[in-house]
Amino acid sequence: PPPSPSPPSPPPSPPPSPPPPLSPLPLGATELPAEGRQVIHGGNSGAPLQLACLKPGAEDTVVAPWSWPGSSSVKFIAAQCCVVGVPGDAGCRRKVPGVSPDSAACVGGYPPDAGSALTYAQAAQRCAWQGRELGEEWSLCDRSCSGMGCSYNSNPVFTTLPCPAPPPSPPPPLPPPPKPPPPPPPPPP
């Protein structure tokens, strides 16, 4: 008998589905809290040098005062991210790993300008999204990340640092001292 024809090959498997879209951040995760958030000097390696305080109502802010020796102007605020729970420079992410050229890797643009300007909420969302893409948890930083690239040392940077509380109001002035009692009447003659 003639050989039987081989059964038809199964159809090729469909390509894998794309990953589901990222879920949005929880409501309020990127809002400016009542105490505000500091915008600091991106090149100050010591204690944070506050340049501005963003409070509710300043959600659209993308520039901050830039007053440094020899300069007094405003500059675009750079977005930089930090790996949650990783202290110091080891947690700083001004560049997205694996992206090239370097100028395209900068989280907040290189240099930050009108075309790459981000608000506080947009910067916070970019950090969260980029971290998820890399399987890490990223947020805005609580430090300057000085010297970590993208020329952000020459820009203000967003932070998660609360603005310092304003100094307490001075106490009200003291009341004037009491008037001395009137002199006694003269003795009778």
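Computed from a predicted model, the values in this text were never measured in an experiment.

A few words on the overall build of the protein chain. Along the backbone of the protein chain there are two helices and eight strands. Traced from its N-terminal end to its C-terminal end, the protein chain shows the element sequence β-β-β-β-β-β-α-α-β-β. The buried share among the 189 residues of the protein chain stands at 31%. A sequence separation of at least 24 residues applies to 65% of the contacts in the protein chain between residues at least 6 apart. In the form shown here, the protein chain has an accessible surface area of approximately 12200 Å², with 64% of it arising from carbon and sulfur atoms.

Moving on: the state of the cysteines. The full count for this structure, using the stated rule, is five disulfides. Here C53 is linked by a disulfide to C163, with a sulfur-sulfur distance of 2.0 Å. Disulfide C53 to C163: torsion about the S-S bond roughly 110 degrees, handedness right-handed. A residue pair is termed long-range when its members are at least 10 positions apart, and C53 in strand 2 (residues 50-54) and C163 in the segment after strand 8 (156-162) qualify at 110 residues. The class for C53 is partly exposed, based on a relative accessible area of 29%. The side chain of C81 participates in a disulfide bridge whose partner is C127; the two sulfur atoms lie 2.1 Å from each other. Given an S-S torsion of about -85 degrees, the disulfide between C81 and C127 has left-handed geometry. Linking C81 in strand 5 (residues 81-83) with C127 in helix 2 (residues 120-133), this pair joins segments that are 46 residues apart in sequence. The burial state of C81 is the same as that of C127; both residues are buried. Counting only the cysteines that form disulfides, in the order they appear in the protein chain, gives the pairing 1-10, 2-6, 3-7, 4-8, 5-9.

Turning our eyes to something else, we now look at unusual backbone geometry. Cis geometry marks the peptide bond from S100 to P101, where omega comes out at 0 degrees. Inspection of the secondary structure assignment puts P101 in the loop between strand 6 (92-93) and helix 1 (102-105). Here the residue pair Y110 and P111 is connected by a cis peptide bond, since its omega of -20 degrees sits within 30 degrees of zero. Looking at the secondary structure, you find P111 in the loop between helix 1 and helix 2. Of note in the backbone geometry, C145 takes a positive phi value of approximately 60 degrees without being a glycine.

This structure, assessed with the given rule, holds one aromatic pair. Between Y120 and F158, the aromatic rings sit 5.8 Å apart at their centres with planes inclined by 80 degrees, giving edge-to-face as the arrangement. Residue Y120 is located in helix 2, and its partner F158 is located in strand 8; the two are separated by 38 residues in the primary sequence. Accessibility classification places Y120 together with F158 in one group, the buried group.

What counts and how
- Residues numbered from 1 in each chain as written.
- Predicted model: local features only at pLDDT ≥ 70, side-chain atom pairs only at ≥ 80, totals over all residues.
- Heavy atoms only, no water.
- Helix = DSSP H or I, 4+ residues; strand = E, 2+ residues; numbered from the N terminus.
- Buried < 20%, exposed > 50% of the residue type's maximum accessible area, 1.4 Å probe, protein only.
- Contact = heavy atoms within 4.5 Å.
- Areas by Shrake-Rupley, 256 points an atom, 1.4 Å probe, with all protein chains shown as cover.
- Disulfide = S-S within 2.5 Å.
- Phe/Tyr/Trp six-rings, centres within 6.5 Å; stacked < 30°, edge-to-face > 60°.

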